[in-house]
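# Chain and residue survey
The residues making up each chain are set out below.
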Amino acid sequence: MKKIRTRFAPSPTGYMHIGNLRTALYAYLFAKSQGGDFILRIEDTDRARYVADAVEFIEKTLAAAKIIPDEGPHHGGNFGPYVQSERAEIYKKYAEELVANGFAYYEESENGVAIRQKMPKIGETTFYDVLHGNITIANAELEDQILLKSDGMPTYNFANVIDDHLMEISHIIRGTEFITSTPKHILLYQAFGWELPTFVHLAPVMGKSADGTVSKLSKRHGATSFNDLIEIGYLPEVITNYVALLGWNPKSNQEIFSMQELMKIFSLEGLSKSPAVFDYNKLDWMSGEYFKAMTDEKFAEVAGKYLAGISDKIFISNLLKTRVAKLSDIPAMINFLRELPEFDIELFTNKRNKITPEKSAEILKSVIPILEKISDWTIDNLNAEIAKFTESSGLKVGTVMWPLRIAASMQKVTPGGVTEIFYLLGKEETLVRIKSALNNLTGN
RNA sequence: GGCGCCUUCGUCAAGUGGUUAAGACACCGCCCUCUCACGGCGGGUUCAAGGGUUCGAAUCCCUUAGGCGUCACCA
């Protein structure tokens with residue numbers, strides 16, 4: 001049986017759209033699941049669009065996503081070069097062969113000489129797609145497309161056929177936008193007498209706007225590139241895990257997959273042929289699952305810069321990891337540790353805990369001396385002393401805790417419970433904050 | 001506009017003629033609880049529409065509608 005070989009063939013734009021990443025992922029996963037090869041090929045035949053360092057950017061992004069090419073510009077391989085601009089001679093040779101055999105012709109214009117493919121005027125071309133079955137398009141729909149531009153570079157439609165054949169690609173996995181141009185490719189394969197690869201045209205990744213309309217995922221939908229997502233604090237493995245499931249179903253109810261698992265169980269059968277909407281909610285959930293599964297130490301490590309300046313990183317990681325969807329959520333959650341937000345009397349009212357600013361002042365006043373007496377500032381001691389007070393006062397635990405939390409953080413939501421944030425703040429700062437709140441509450 | 005592709009809960013989706021139409025996220029409610037989160041329990045919402053075929057249709061056929069894509073010396 002022929003070796004399975006797939007490729008990812010981006011143009012070097014310096015931007016890795018999530019849809020492109022998914023295409024690369026599926027091509028990679030399919031190859032690996034079949035013991036095949038995954039090839040990275042750079043389609044840079046449009047010199048006007050050249051972006052410096054874009055190849056390195058693509059390679060770095062794939063590496064971060066743990067998608068590892070077997071062959072590519074910097075990965076070796078026996079079918080190179082893997083950058084199309086370095087293959088100009090090859091395309092020229094094949095284009096001329098087509099002219100010689102009557103499948104193409106020269107055309108002169110003010111730009112210079114180009115070569116066009118000669119399309120049949122009648123009949124139709126049919127090809128088989130794994131997801132869509134047979135697709136037929138009338139040849140009359142096809143134009144005599146440019147094969148070789150006057151600058152000597154091939155067009156995409158020509159270069160990809162030549163390269164896919166020469167590089168022995170067995171399965172072409174790409175976006176649906178190429179469906180309508182596939183007949184042109186088929187005609188080329190036929191003209192050369194080459195065997196056809198298997199086609200798999202993937203449905204696009206969509207985004208949903210505020211007004212409910214759905215369109216191809218773009219900037220207006222928020223972060224749309226792998227790097228955007230990394231930037232706001234999603235783990236690379238979360239992104240690949242989520243994206244893998246966006247248009248592919250493992251035929252089980254499992255949702256969390258490691259790359260190794262995906263490489264083993266991925267199959268074309270689970271691919272969906274309809275577009276899928278990128279759902280940040282689900283991404284957040286999945287990201288949280290990864291965080292919760294981490295040790296505190298590991299979380300502290302990945303949270304890295306977001307924890308800068310925090311002394312008890314491991315402790316706070318323990319509190320944070322169950323409450324964070326993405327790393328960039330951290331600052332808003334812990335800023336109060338560095339600096340107390342502005343006093344807000346509204347926060348001292350809470351219906352559920354039956355608390356009012358007046359009641360809060362009373363509680364704060366009573367608790368201050370208790371806290372001052374605690375010499376060993378530990379969570380256990382804090383819990384014990386506050387519990388003692390609660391019991392003797394006849395108040396509900398929630399009623400006592402509420403004003404303490406607000407006084408210490410000015411936030412309704414904090415990482416960890418009241419005694420934990422007291423511990424993090426330290427005795428001195430805790431008391432400063434409670435006294436300050438008390439003053440504000442009593443109008444001093 | 002021509003041509004092509006697509007259409008099961010708000011979202012991801014299972015489903016391949018007979019099911020109470022899975023599961024997950026989100027949402028809502030309850031429990032737990034010092035808030036939030038975590039955890040537990042429960043709930044609502046789905047086969048785009050209309051025709052057929054069939055004893056029987058989300059599953060097969062046709063039509064309509066909508067969405068997306070494509071019609072470059074871009075990829």
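Residues numbered from 1 in each chain as written. Chains lettered and ligands numbered in written order. Predicted model: local features only at pLDDT ≥ 70, side-chain atom pairs only at ≥ 80, totals over all residues. Heavy atoms only, no water.

### Digging into the layout of surface pockets
Looking at the largest pocket, its volume works out to about 980 Å³. Along the walls of the largest pocket sit 35 residues, with A9, P10, S11, N20 and F178 positioned nearest its centre. Looking at the lining of the largest pocket, the elements with two or more residues in it are β1 (5-8), α1 (18-33) and β8 (171-175). Tallied by class, residues from the lining of the largest pocket come to 14 nonpolar, 11 polar and 10 charged. Residue lining of the second largest pocket: 16 residues in total, with K66, E237, S258, M259 and Q260 positioned closest to the centre. Looking at the lining of the second largest pocket, the elements that each hand over two or more residues are α7 (236-244) and α8 (259-265). Classifying every residue of the lining of the second largest pocket gives 10 nonpolar, 4 polar and 2 charged. (1 Å grid on protein atoms, 1.4 Å probe; cavity = no way out; pocket = protein on both sides within 12 Å on 5 of 7 lines; lining within 4 Å. Points joined across faces, edges and corners; volume = space filled by probe spheres on them. Helix = DSSP H or I, 4+ residues; strand = E, 2+ residues; numbered from the N terminus. Nonpolar A, V, L, I, M, F, W, Y, C, P; charged D, E, K, R; others polar.)

### Quick notes on empty space enclosed by the protein
As enumerated under the stated definition, the model contains 1 cavity of 30 Å³ or more in all. Of the pockets and cavities examined, the largest cavity occupies roughly 50 Å³. Along the walls of the largest cavity sit R22, Y26, L202, A203, P204, G247, L271, S272, S274, P275 and A276, which together make up its complete lining. Within the lining of the largest cavity, the residues separate by chemical class into 7 nonpolar, 3 polar and 1 charged.

### As for the packing of aromatic side chains
For the coordinates displayed, the defined rule picks out 15 aromatic pairs. Ring geometry for Y242 versus F278: centroids 5.1 Å apart, planes at 75 degrees, classification edge-to-face. Within this pair, whereas Y242 is found in helix α7, its partner F278 is found in the loop between β12 (276-277) and α9 (280-292), the two being separated by 36 residues in sequence. The structure contains a cluster of three or more aromatic residues connected by ring pairs, namely Y26, W248, F257 and F266. Of note, R5 hangs over the ring of F79, and the distance from its end group to the ring centre comes to 4.2 Å. When the ring centre of Y94 is taken as reference, the NZ or CZ atom of K93 above it lies at 4.5 Å. (Phe/Tyr/Trp six-rings, centres within 6.5 Å; stacked < 30°, edge-to-face > 60°. Lys NZ or Arg CZ within 6 Å of the ring centre and 35° of its normal.)

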